[in-house]
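Here's the letter readout for the chains.
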Amino acid sequence: MGGATTQGAKVDSELACPVSPVVDIVFSRWTTPILWTLNEFGRQRFVQLQRNIRTITPKVLTQRLRQMERDGLVVRTYHPEVPPRVEYEISELGRSLAPIFAHLAEWSAGNLQKVERARREFDEADDQAPATR
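> Before we go on, may I ask you to explain the sheet that holds strand E3 (residues 44-45) in this structure?
To summarise the sheet geometry, strands pair through backbone hydrogen bonds and adopt either a parallel or an antiparallel arrangement. In space, the 3 strands of this open sheet follow the order E3-E5-E4, with antiparallel pairing throughout. The open sheet is flanked by E3 and strand E4 (74-79), the only strands paired with a single partner. Those strands touched by helix H3 (residues 31-41) are E3, E4 and strand E5 (85-90), and its axis lies near 95° from that of E5.

The structure is reproduced here in structure tokens:
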């Protein structure tokens, strides 16, 4: 990411927007559904998690779980049984994001219709504008 400039001075993008590292970690394409599912349904095996999310592929789920474990958002527990059993659960760090998700859900309930209306109005105006290409 490039840095932002303020009156000719270069500013680090993390200083310009200190939440961007958090957004990169938490709001990537599959992280939010995984965290939400683990928070809502508790500890789950890989197949259960995949079924609850439905549209995620096994490869992507594996990649995201590994990254989330590395980031400290998910705890992986290996049970040395026959056959081996692995379970995933949201960590305390991951659980600490629940209030943020609650605020986003509240914002979503109150504003998604407004966003959709704005999109429709924009698209209709764009369709009526003379072509400049």
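> Help me out: how do you make sense of the pattern of salt bridges in this one?
Throughout the structure, instances matching the rule amount to 6 salt bridges. Arginine 43 is the salt-bridge partner of glutamate 89, the closest N and O atoms lying 3.4 Å from each other. Highlighted residues: glutamate 89 in strand E5 and arginine 43 in the loop between H3 and E3, separated in sequence by 46 residues. On the basis of relative accessibility, which here comes to 24%, the residue glutamate 89 falls in the partly exposed class. Several salt bridges share partner residues, and in doing so they unite Arg43, Glu81, Arg85, Glu87 and Glu89 into one network.

> Hey, could you run me through the packing of helix H4 (residues 46-53) against helix H5 (residues 58-71) in this one?
The relative placement of two packed helices comes down to the angle between their axes together with the axis-to-axis distance. Where H4 meets H5, the closest approach of the two axes is 11 Å, and the angle between their N-to-C directions is 110°. The pairing of H4 with H5 is recorded here as roughly perpendicular in orientation. At the point where H4 passes H5, the crossing takes the right-handed sense. From H4, Phe46, Leu49 and Gln50 reach across to H5, where they touch Pro58, Leu61, Thr62 and Leu65. Looking at the contact of H4 with H5, its residues break down into 5 nonpolar, 2 polar and no charged.

> Could you clarify how one ought to interpret the packing of aromatic side chains in this entry?
Each pair of aromatic rings is reported with the distance of its centres and the angle of its planes. Following the criterion strictly, the structure yields 2 aromatic pairs and no others. Ring centres 6.0 Å apart and planes at 85° place the aromatic pair phenylalanine 27 and phenylalanine 101 in the edge-to-face group. You can see phenylalanine 27 sitting in the loop between helix H2 (20-26) and H3 and its partner phenylalanine 101 sitting in helix H7 (residues 98-128), a full 74 residues away along the chain. Three or more aromatic residues joined by ring pairs make a cluster, and in this case those are Phe27, Trp36 and Phe101.

> What exactly am I supposed to notice about the nonpolar core here?
Soluble globular proteins tend to pack their nonpolar side chains together in the buried interior. With 17 residues, the main nonpolar core has Ile34, Leu35, Leu38, Leu49, Leu65 and Val74 as its most contacted residues. Looking at this core, the elements that each hand over two or more residues are H3, H4, H5 and E5. Residue contacts for leucine 65: discarding those within four places in its chain leaves Ile34, Phe46, Leu49, Val74 and Tyr88.

Rules behind the numbers
Residues numbered from 1 in each chain as written. Predicted model: local features only at pLDDT ≥ 70, side-chain atom pairs only at ≥ 80, totals over all residues. Heavy atoms only, no water. Pairing = 2+ DSSP bridges. Helix = DSSP H or I, 4+ residues; strand = E, 2+ residues; numbered from the N terminus. Contact = heavy atoms within 4.5 Å. Axes fitted to C-alpha atoms, helices over the stretch in contact; angles between N-to-C directions. Salt bridge = Lys/Arg side-chain N within 4 Å of Asp/Glu carboxyl O. Buried < 20%, exposed > 50% of the residue type's maximum accessible area, 1.4 Å probe, protein only. Parallel < 35°, antiparallel > 145°, perpendicular 65-115°, else oblique. Left-handed = near helix turned anticlockwise from the far one by under 90°. Nonpolar A, V, L, I, M, F, W, Y, C, P; charged D, E, K, R; others polar. Phe/Tyr/Trp six-rings, centres within 6.5 Å; stacked < 30°, edge-to-face > 60°. Core = buried A, V, L, I, M, F, W, Y, C linked by side-chain atoms within 4.5 Å.

Distances and angles like these do not, on their own, reveal function.
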